[in-house]
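A look at the structure
Here is what each chain is made of, one letter per residue.
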Amino acid sequence: MAACGFLPPCDPISAAKNFLMSAPAEPYVPISCALHSELELAAMRRRPLQLQLRNGRSLRGTITDVWTAYGREWLLLAVQSASSRSDYLIDLTQIEGAYAVQS
């Protein structure tokens, strides 16, 4: 399964379902409680993070939501560039690490 997907403005729950239906299923492996807590706290505080994904990709942004749907845990990451904002739907099992960054 791909680690994340770009989202146009939409309902993230529906996007998670569509994302799962379009990708080959991988067995669910829960992430550590410590990492989950760190991601939820960053979302609540709107603290920018650098996410290191298992596929080697790195994304920097602000988590706008963390939720469980369709047997998996997800987050929505807002990545701001100079001229636009992109939202990424990320399956938490694909996150290798999360690191605080200066805004």
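Residues numbered from 1 in each chain as written. Predicted model: local features only at pLDDT ≥ 70, side-chain atom pairs only at ≥ 80, totals over all residues. Heavy atoms only, no water.

This brings us to the pairing of strand β3 (residues 58-69). Across 4 bridges, the pairing between strand β2 (residues 49-53) and β3 is antiparallel. Considered in β3, the bridge of L51 is made with L59. If you look at the hairpin formed by β2 and β3, you'll find 4 residues sitting between the two strands, and G56 has a positive phi there, around 95°. As paired elements, β3 and strand β4 (residues 72-80) share 7 bridges and run antiparallel to each other. By the bridge assignment for β4, A69 is matched with R72. Between β3 and the antiparallel strand that follows it, β4, lie 2 residues; Y70 among them carries a positive phi value of about 55°. (Pairing = 2+ DSSP bridges. Helix = DSSP H or I, 4+ residues; strand = E, 2+ residues; numbered from the N terminus.)

Mapped onto the secondary structure, I31 falls in the loop between α1 (12-22) and α2 (33-45). Ignoring anything within four residues of it in the chain, the contact list for I31 reads H36, L39, E73, L92 and T93. (Contact = heavy atoms within 4.5 Å.)

Here we come to α2. Between the first and last C-alpha of α2 there are 18 Å, a value that for 13 residues agrees with the 18 Å anticipated at 1.5 Å per step. Elements that come into contact with the buried residues of α2 comprise β2, β3, β4 and β6 (95-100). Count one or two residues on from α2 and you reach R46, which has phi positive near 55°. (Expected span 1.5 Å × (residues − 1).)

Bringing unusual backbone geometry into the picture now. Excluding glycine, residues mostly carry a negative phi; peptide bonds, for their part, are mostly trans. Although it is not a glycine, R46 sits at a positive phi angle of roughly 55°. Note that R46 resides in the loop between α2 and β2. Assessed through its relative accessible area of 48%, R46 is described here as partly exposed. (Buried < 20%, exposed > 50% of the residue type's maximum accessible area, 1.4 Å probe, protein only.)

Let us look at the confidence of the model for the chain. The predicted model of the chain averages 81 in pLDDT, with 75% of residues at 70 or higher. Per-element confidence in the chain is highest for β2, whose mean pLDDT is 94, and lowest for strand β1 (residues 4-7), whose mean pLDDT is 48. (pLDDT = per-residue confidence, 0-100.)

To continue, consider the environment of E38. Along the chain, E38 falls in helix α2. With a relative accessible area of 29%, E38 lands in the partly exposed category. Residues E38 and Y99, 61 residues apart in the sequence, show an inter-C-alpha distance of 9.4 Å. Setting aside its immediate chain neighbours within four residues, E38 contacts R47 and A98.

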